[in-house]
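The primary structure of each chain is shown beneath.
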Amino acid sequence: NTWYGAGRPSSRRLALPSTHMRRPPEAKCFGFALPLSGRPLFLVLTVSAIGSAVLYAALQEGVFQVPGFKFSGWMTFVTAATMAVCGHLELLVTGSRQRVGTLDQYLRLSLLTLAGMYLTNASLKYLNYSTRVLFKSSKLLPTMLLGTLMQGRRYSFLEYLAAGGLVGGITLFTLGDADTLPSFHLAGVGLILLGIAADAATSNFEEKAFFRAVTPASHVEVVAYSSMFGSAWGLLLLLPTGELGAALRHGAKQPQVLPLLVGSSICGYASVSVVLLLIKLYGATVTELVKSMRKAPRRESVSVAE
C-alpha cells in the first residue's frame, strides 16, 4: 500500500497512516463504515468521486440551458448553502456534534476555496474551455510543489516525471475532440494560474490542518463548516450586485431551476465528501490524481447536457 501514500513527509506528525505503525483511520462515508480496505476501497472511492462529479456537472450544465439563466453568483450561493445543510444534517444524524477544527481554520479554508473559485471563474472571461482544461489538468504538479512547501513532503524526479506524463496524457485525451484549439490571453492565464495555486493550497491545507493533526477532524465536519462560511461569503458578494432579486424573479418564471440547482448541489456534496475522505486516507497528491481523471468524463457529461 505504499503507493497510495506517495511522497515522504519529513515529520512524523504529518506522516500518512501506515498499517505497519498504527491502524489506518476508519473509512466512513455518509454515516456508514465501508467494509473495505486497500485497493478495493481506493477503487470504490475513485469511482464514487468521478461518478458524483459527472452528475454534478451534468445537472449544473442543465441549469445554464434554462432560457434566461445567467446567475452564476446565485448558483454559487445555493450550492454552498445546500452543501452546508447536507453536512450539518449528516453531523446531526451521526451524532458528531463536537467540532474538532477551529473556526479560524474554517475561515481560512473558506477564503482559499473562494479565491480558487473566483479566480477560475474570472479567467473564463478571457479563456475558452479548451484552455481551461489544459491548465486545470495540470493541477497535480502545483499540488505536489505546495505539498513540499506546506507539509514537508519530498518527491523524487521519477515521481514528478510520472505526474507530468499523466497530466499530459489527460490533457491530450480531453482536448482530442475539442471544437476549438486552446487560446491564450495574458490576463486569463494569470488568473487561472492563481486559481490553480489557490486550489492546490486548499487541498494541502485541508490535509495538514484537519486530517494530519493530532486529533483529526471528520471529512463531514470539514464540508459542513467550510460550506457554511462559503455560503456566507457568497451571499455577501451577491447582495450588492442586485443579482439576488433578478435570480428570484427568474426562478418564479422557471420553477425547474431551483430543483436542478439543489440536485446538482447534493451531487456536489457527495463529490466533495468523497474527495475529502480520499485526502484523509491517501493525501492531497493522490487525491489530485483522482480529480484529474474526472476531466474527460465531465466533458462528456457537458456534451450530453448540451
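Remarks on the overall build of the protein
The helix and strand tally for the protein stands at 12 helices and 2 strands. When the helices and strands of the protein are read in sequence order from the N terminus, they spell out β-β-α-α-α-α-α-α-α-α-α-α-α-α. Within the protein, the fraction of its 306 residues that count as buried is 46%. Of the contacts made within the protein by residues no fewer than 6 positions apart, 87% connect residues no fewer than 24 positions apart. If you sum the accessible surface of the protein, you get close to 15,400 Å²; carbon and sulfur atoms cover 67% of it.

Quick word on the nonpolar core
Ranked by internal contacts, the top residues of the largest apolar core, which has 32 residues, are Leu 45, Tyr 106, Phe 210, Val 222, Leu 278, Leu 281 and Tyr 282. Only helix H1 (38-64), helix H2 (72-94), helix H3 (103-123), helix H7 (186-211), helix H8 (219-238), helix H10 (257-282) and helix H11 (284-292) provide two or more residues apiece to this core. With 9 residues, H10 is the largest single contributor of residues to this core. The next biggest cluster of nonpolar side chains, apart from the first, holds 12 residues, and it includes Phe 69, Trp 74, Met 75 and Phe 77.

Some words on the packing of H2 against helix H9 (residues 243-253)
One can describe the packing of H2 onto H9 by two numbers: an axis separation of 9 Å at closest approach and a directional angle of 85 degrees. Taken as axis vectors, H2 and H9 run roughly perpendicular relative to one another. Side by side, H2 and H9 meet where Ser 72, Gly 73 and Trp 74 of the first sit next to Glu 243, Leu 244, Ala 247 and Leu 248 of the second. A breakdown of the residues in the contact of H2 with H9 according to their chemical character gives 4 nonpolar, 2 polar and 1 charged.

Section: the confidence of the model for the protein
On average, residues of the protein carry a pLDDT of 78, and 79% of them reach 70 or more. The spread of mean pLDDT over the elements of the protein runs between helix H12 (residues 295-305), the lowest at 49, and H9, the highest at 93. Contacts for the low-pLDDT stretch residues 1-23, under 50 throughout, to residues beyond four places or in other chains number 48 contacts. Segment residues 301-306: pLDDT under 50, and 10 contacts once partners within four positions in sequence are set aside and those in other chains are kept.

Observations concerning the pattern of salt bridges
Close approach of charged atoms lets side chains of opposite charge pair. On inspection of all chains with the given rule, the structure shows 2 salt bridges. The closest approach of N and O atoms between Arg 108 and Asp 104, which form a salt bridge, is 3.0 Å. A residue pair is termed a helical-turn pair when its members lie 3 or 4 positions apart in one helix, as Arg 108 and Asp 104 do in helix H3 at 4 residues. Assessed through its relative accessible area of 41%, Arg 108 is described here as partly exposed. For Arg 212, the salt bridge is made with Glu 207, and the minimal N-O distance between the two is 3.5 Å. In terms of burial, Arg 212 and Glu 207 fall into one category: buried.

Looking at the packing of aromatic side chains
Overall, the coordinates contain 7 aromatic pairs when judged by the stated rule. Between the aromatic rings of Tyr 106 and Phe 210, the centroid separation amounts to 4.7 Å while the plane-to-plane angle is 15 degrees, which identifies the pairing as stacked. Placement of the pair is Tyr 106 in helix H3 and Phe 210 in helix H7, with a sequence separation of 104 residues. Residue classification places Tyr 106 among the buried positions, given a relative accessible area of 0%. Taking 6.0 Å as the distance between ring centres and 90 degrees as the angle between the ring planes, the aromatic pair formed by Phe 205 and Phe 210 counts as edge-to-face. A residue is classified by how much of its surface remains accessible, and Phe 210, at 1% relative accessible area, is buried. Pairwise contacts between aromatic rings join Tyr 106, Phe 205, Phe 210 and Tyr 225 into one cluster. Arg 99 extends its terminal NZ or CZ atom over the ring of Tyr 225, reaching a point 5.7 Å from the ring centre.

Cut-offs and rules
- Throughout, a residue's number is its position along its own chain's written sequence, starting from 1.
- Owing to the predicted nature of the model, reporting of local features is limited to residues with pLDDT of at least 70; listing and counting of side-chain atom pairs is limited to 80 or more, with chain, interface and lining totals taken over all residues.
- Excluding hydrogens and water, the side-chain values take into account all heavy atoms of the structure.
- Starting at the N terminus, helices and strands are each numbered in turn, a helix being any DSSP run of H or I of at least four residues and a strand any DSSP run of E of at least two.
- Partly exposed describes any residue whose relative accessible area lies between the buried limit of under 20% and the exposed limit of over 50%, with all areas from a 1.4 Å probe on protein chains only and scaled to the type maximum.
- By the convention used here, residues are in contact when the closest approach between their heavy atoms is within 4.5 Å.
- For every accessible area listed, the method is Shrake-Rupley and the probe measures 1.4 Å; residues are considered covered only by the protein chains on display.
- Think of a nonpolar core as a cluster: buried Ala, Val, Leu, Ile, Met, Phe, Trp, Tyr and Cys residues, connected wherever their side-chain atoms sit within 4.5 Å.
- Helix axes are fitted to C-alpha atoms over the stretch in contact, other axes to C-alpha atoms as well, and angles between N-to-C directions run from 0 to 180 degrees.
- An angle below 35 degrees is treated as roughly parallel, one above 145 as roughly antiparallel, one from 65 to 115 as roughly perpendicular, and anything else as oblique.
- Residues are sorted three ways: Asp, Glu, Lys and Arg are charged, Ala, Val, Leu, Ile, Met, Phe, Trp, Tyr, Cys and Pro are nonpolar, and all the rest, Gly among them, are polar.
- Values of pLDDT, ranging from 0 to 100, describe the predictor's confidence in every residue of the model.
- Any carboxyl oxygen of Asp or Glu that lies within 4 Å of a side-chain nitrogen of Lys or Arg is treated as forming a salt bridge with it.
- Aromatic rings from Phe, Tyr and Trp, taking only the six-membered ring of Trp, are treated as a pair when their centres fall within 6.5 Å; an angle between ring planes under 30 degrees marks them as stacked, one over 60 as edge-to-face, and anything in between as tilted.
- Distance and angle both matter: a charge sits over a ring if NZ of Lys or CZ of Arg is within 6 Å of the ring centre and within 35 degrees of the ring normal.

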